[in-house]
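Geometric and topological summary
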Amino acid sequence: MLLFFTRVGTPHTTNNIRRQLRDVMEQAGVPDVTPHRFRRTAATAINEIGGLQLASELLGHSDPSITREHYIRRNETVNPVTAKFLEQAFGRAS
């Protein structure tokens, strides 16, 4: 099933999708949005909910390491327990 298609039901070209996305994002005042960012966002969300293998399948990668290295945004949130221990050990940063 096609996600993006023309009025007559044929697939859009990649360049046409990029152009349309760029035009809409410029009108909305949102810079630097690309199809690649959408792929990264989708892969990260699927990875967090369904795991790396499912995210890799979504993107059509034969090797999940490609998905992990190039598409999954790392979770840089510090575990609250870790933060508490560090504060106890070194004091609160000011």
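Residues numbered from 1 in each chain as written. Predicted model: local features only at pLDDT ≥ 70, side-chain atom pairs only at ≥ 80, totals over all residues. Heavy atoms only, no water.

1. Focus: the overall build of the protein chain
- Along the protein chain, the regular secondary structure elements total five helices and zero strands.
- Helices and strands in the protein chain line up, N terminus first, as α-α-α-α-α.
- Taking 2.2 N^0.38 as the reference for a compact globule, 94 residues should give roughly 12 Å; the C-alpha atoms of the protein chain span a radius of gyration of 19 Å, well beyond that estimate.
- For the protein chain, the C-alpha atoms occupy an extent of roughly 65 × 35 × 20 Å along the three principal directions.
- Here the protein chain, with 94 residues, has 14% of them falling under the buried criterion.
- A separation threshold of at least 6 residues defines the contact pool for the protein chain, and within that pool the share at least 24 residues apart is 27%.
- In the form shown here, the protein chain has an accessible surface area of approximately 8,000 Å², with 56% of it arising from carbon and sulfur atoms. (Helix = DSSP H or I, 4+ residues; strand = E, 2+ residues; numbered from the N terminus. Rg over C-alpha atoms; globule rule 2.2 N^0.38 Å. Buried < 20%, exposed > 50% of the residue type's maximum accessible area, 1.4 Å probe, protein only. Contact = heavy atoms within 4.5 Å. Areas by Shrake-Rupley, 256 points an atom, 1.4 Å probe, with all protein chains shown as cover.)

2. Looking at the side chain of S56
- Relative to the helices and strands, S56 is located in helix α3 (residues 52–59).
- Excluding residues that lie within four positions of it along the chain, S56 makes contacts with H61, D63, P64 and T67.

3. A few points about the pattern of salt bridges
- Enumeration according to the criterion identifies one salt bridge in this entry.
- Close ionic contact of R19 with D23 constitutes a salt bridge, the shortest N to O distance being 3.5 Å. One end of the pair is R19 and the other is D23, both in helix α1 (residues 14–28) and four residues apart, which spans about a single turn.
- Relative accessible area serves as the criterion here: at 38%, R19 is assigned to the partly exposed category. (Salt bridge = Lys/Arg side-chain N within 4 Å of Asp/Glu carboxyl O.)

4. Remarks on α1
- With 15 residues, α1 extends 21 Å from end C-alpha to end C-alpha; this agrees with the ideal 21 Å at 1.5 Å per step.
- Listing the buried residues of α1 in full gives I17, L21 and M25. When α1 is viewed along its axis, its buried side chains cluster within an angular range of 55° and face the same direction. Within α1, the exposed residues directed more than 90 degrees away from the buried face are N15, E26 and Q27.
- The inward-facing, buried residues of α1 contact α2 (35–50). (Expected span 1.5 Å × (residues − 1). Arc of directions from axis to C-beta.)

5. Comments concerning the nonpolar core
- Among the nonpolar cores identified, the biggest contains five residues, and these are A43, A55, L59, Y71 and I72.
- With near-sequence residues (within four places) excluded, A55 lies in contact with A43, I46, N47, T67 and I72. (Core = buried A, V, L, I, M, F, W, Y, C linked by side-chain atoms within 4.5 Å.)

6. With respect to α2
- With 16 residues, α2 should reach 22 Å at 1.5 Å per residue; the first-to-last C-alpha distance of 22 Å fits that figure.
- Of the residues flanking the end of α2, it is G51, one or two places downstream, whose phi is positive at about 100°.

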